[in-house]
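# Coordinate analysis (summary)
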Amino acid sequence: MKIKIIYPSWPKLNRQTEFHLPPHGPVCFAAAIPDDVEISFYDENIQPVDFDEKADIVAFSVMLTCQIPRAWELADRFRKQGVPVIFGGIGTMLHSEETMLHADAVFLGEAEGRFEEVINDVRNNKLKKVYNYLNDFPDMNLIGPARRSILNRKLYNYRGVQMVDLVHASRGCRFNCFPCCTPFLGGRKFRARAIDAVVRELEQLDNNRLFFVDNSLAQDDEWEKELFRALIPLKKKWISHPIKDDDEILDLAAEAGCWYVYQAVFDTSDHIRRRVKRLKERGIGVEGTIILGMDDHDEDYIKRLVDFLLEIELDLAEFTILTPFPHTPIRADLEKQKRILHNDWLHYTGAEVVFQPAKMSVDALQKMFFYAWDTFYRDCSQNLQMAKLFLKVIEKEKADGTYKGSRLRRGRWSLKDK
Ligand code: SF4
């Protein structure tokens, strides 16, 4: 029995430096597949899909809305060849009904403890149209280490530097932010993995640099502290989504190897200014995630916001245009107000305007998106800013003796290794 897993390509954000992280969804999914099933894996972002290689079933692991049209296109081609196709991943959960038109089966929800049933159905030629485990979450103890052996790791590097490995210590989120579909996908309850299981997984990784892709680590103070304390002896260096803005937690995060965090910046308040300052004081870098096109945004507001980001010296800024993804609170609002322009998912990239802004024309918001990128990186390109952040991690590694040396090849970056 052989399963071919495909992670389809998607259009990259305009203005953003293109690099490819080893995907997380497919390796978690692969860990839920019984060991006696042979797996081949194609990340179409970095390698072409082999249509001739034989498989009993093709599984599409889809993360993004703008990835789904390509997944459908590939699926149609495999089905024409007579190969059954199943879809899973969060992109499938957001687009399940449309996806059924292109699939023999869709798997909705988290796969741990549930995929053996699917494999048996394939073996017995009894594949069901839908396996629906939405809001029916598996026991967190079933989540073992991701199966990263399916990746061709050599392909995941940027200018000779090995990319971070993606890991997770929890699922779900207790918040319900307006642009976010996580509550629909992972539920409103924070679900933590056992910390010793997380530590065991990290210990096995031959990579000192990680990205915790948990939705937000700021969910439970005691758990967050316990996690950071457990990370300290590993001496890994890591990136994450937000951590709690609390003295003890920030100190522990820094000690545990926090390299930089993603921080949403919605306004120019002192609250944001202080938050960024407190991270930077502890040697933690900050990449701002900034959504443009909210109802109080006009051109002047966006100009002031970009000036503010430069003033507070964010290390990196990622600008996106507000996008009403399915199953988000903002989509429900904009639908009611009839402000969604189209559902051409290929253009739901976060770099294109797909709704009618309140205080600007569609064209003006699109121009301000480019203005924001160009102005923020006017004096120091994104590439150079990334190189500076990279030098920070090298400094941290040199300080604790974990620096492995040869990963940054001289001359491949614009800044030289120190
Ligand atoms: S934006 Fe982050 S904190 Fe808010 S609901 Fe989504 S995952 Fe949770």
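As a further point, take the overall build of the protein chain. Of regular secondary structure, the protein chain possesses 14 helices and 16 strands. A compact globule built from 418 residues should have a C-alpha radius of gyration of about 22 Å, and the protein chain, at 22 Å, falls within 12% of that. Dimensions of the protein chain, computed from C-alpha atoms along their principal axes, come out at roughly 60 × 55 × 45 Å. Buried positions account for 55% of the 418 residues belonging to the protein chain. Sequence separation of at least 24 residues holds for 72% of the intrachain contacts in the protein chain that already meet a minimum separation of 6.

Moving on, we come to the sheet that holds strand β5 (residues 105–108). A sheet is described by the order of its strands in space; here six strands give the open sequence β2-β1-β3-β4-β5-β6, paired in parallel fashion. At either end of the open sheet lies a strand with only one pairing partner, and these are β2 (38–43) and β6 (130–132). Here the strands of the sheet are splayed against their neighbours by 20° on average, with no regard to which way each runs. Alignment of strand β4 (residues 85–88) against β5, held across two bridges, turns out to be parallel. Across the sheet, the residue bridging to F87 is V106, located in β5. On top of the sheet, helix α2 (residues 68–80) reaches β1 (2–7), β3 (57–61) and β4; it is set at about 160° to β4, its chief contact. On the sheet, helix α5 (residues 115–123) packs against β1, β3, β4, β5 and β6 and is oriented at approximately 165° with respect to β6.

What follows concerns the nonpolar core. Residues F115, F228, W238 and F319 are the most contacted members of the largest nonpolar core, which totals 109 residues. By residue number, the principal contributor to this core is helix α13 (residues 362–376), which donates seven residues. Not counting residues up to four positions away in its chain, the partners in contact with F319 are L13, I290, L292, V306, L309, F369, A372, W373 and F376. With 26 residues, the next largest nonpolar core counts A71, A75, C181 and Y348 among its residues.

Attention shifts here to the confidence of the model for the protein chain. Any region with low pLDDT has predicted coordinates that should not be read closely. Model confidence for the protein chain is summarised by a mean pLDDT of 95, while 97% of its residues fall at 70 or above. Between residues 407–418, whose pLDDT stays under 50, and residues either more than four places distant or in other chains, the model counts 36 contacts.

Following the criterion strictly, the structure yields 37 salt bridges and no others. Put simply, E222 and K225 hold a salt bridge, and the shortest N to O gap is 3.2 Å. Taken together, the residues E222 and K225, both in helix α8 (residues 221–231) and three residues apart, mark about one turn of the helix. Ionic pairing is found between E311 and R273, a salt bridge with its closest N-O pair at 2.7 Å. Of this pair, E311 sits in helix α11 (residues 299–311) while R273 is found in helix α10 (residues 270–281), placing the two residues 38 residues apart along the sequence. Sharing partners across several salt bridges, the network here consists of R148, R153, D165, R193 and E201.

Further remarks concern unusual backbone geometry. In the Ramachandran plot, N135 falls in the positive-phi region, its phi being about 60° despite a non-glycine side chain. Note on placement: N135 falls in the loop between β6 and β7 (157–158). Residue classification places N135 among the exposed positions, given a relative accessible area of 56%. A positive phi angle, close to 55°, is found at E313, a residue other than glycine.

Summed over all chains, the structure comprises 24 aromatic pairs. Judged by centre distance (6.2 Å) and plane angle (70°), the ring pair of F319 and F376 falls under edge-to-face. Separated by 57 residues along the polypeptide, F319 in strand β16 (residues 316–321) and F376 in helix α13 bring together distant segments of the chain. Seen from their ring centres, F369 and W373 are 6.4 Å apart, and the 80° between their planes marks the pair as edge-to-face. Remark: W373 and F369 occur in helix α13; sequence separation between them is four residues, near one turn of the helix. Take F369 and W373: they sit in the same class, and that class is buried. Aromatic ring contacts, followed pair by pair, group F319, F369, F370, W373, F376 and Y377 into a single cluster.

Pairing in this open sheet of six strands is parallel, and the strands run β9-β12-β13-β14-β15-β16 from one edge to the other. In the strand order of this sheet, the two ends are held by β9 (165–167) and β16, each with one partner. Strand-to-strand, the axes of this sheet are offset by a mean angle of 20°, without reference to chain direction. Taken together, the three bridges between β9 and strand β12 (residues 209–212) define a ladder with parallel strand orientation.

A few words now on the site of the ligand. Lining the immediate environment of the ligand, one finds C173, F175, N176, C177, C180, T182 and N215. Classifying every residue of the shell around the ligand by side-chain character gives four nonpolar, three polar and no charged.

It is the contact of α11 with α13, at a shortest axis distance of 10 Å, that shows an interaxial angle of 15°. In terms of orientation, α11 and α13 fall into the roughly parallel class. The handedness of the crossing between α11 and α13 comes out as right-handed. Here E299, I302, K303, V306, L309 and L310 of α11 come into contact with α13, specifically with A364, L365, M368, Y371, A372, T375 and F376.

This next bit is on the environment of G186. Mapped onto the elements of the fold, G186 is located in helix α6 (residues 182–186). Among the residues examined, G186 registers a relative accessible area of 9% and is labelled buried. Once the C-alpha coordinates of G186 and I90 are considered, the two residues, 96 residues apart in sequence, prove to be 9.2 Å apart. Excluding anything up to four places from it in sequence, G186 contacts E110, F137, G172 and R191.

Each value, and the rule that gives it
- Residues numbered from 1 in each chain as written.
- Predicted model: local features only at pLDDT ≥ 70, side-chain atom pairs only at ≥ 80, totals over all residues.
- Heavy atoms only, no water.
- Helix = DSSP H or I, 4+ residues; strand = E, 2+ residues; numbered from the N terminus.
- Rg over C-alpha atoms; globule rule 2.2 N^0.38 Å.
- Buried < 20%, exposed > 50% of the residue type's maximum accessible area, 1.4 Å probe, protein only.
- Contact = heavy atoms within 4.5 Å.
- Pairing = 2+ DSSP bridges.
- Axes fitted to C-alpha atoms, helices over the stretch in contact; angles between N-to-C directions.
- Core = buried A, V, L, I, M, F, W, Y, C linked by side-chain atoms within 4.5 Å.
- pLDDT = per-residue confidence, 0-100.
- Salt bridge = Lys/Arg side-chain N within 4 Å of Asp/Glu carboxyl O.
- Phe/Tyr/Trp six-rings, centres within 6.5 Å; stacked < 30°, edge-to-face > 60°.
- Near = heavy atom within 4 Å.
- Nonpolar A, V, L, I, M, F, W, Y, C, P; charged D, E, K, R; others polar.
- Parallel < 35°, antiparallel > 145°, perpendicular 65-115°, else oblique.
- Left-handed = near helix turned anticlockwise from the far one by under 90°.

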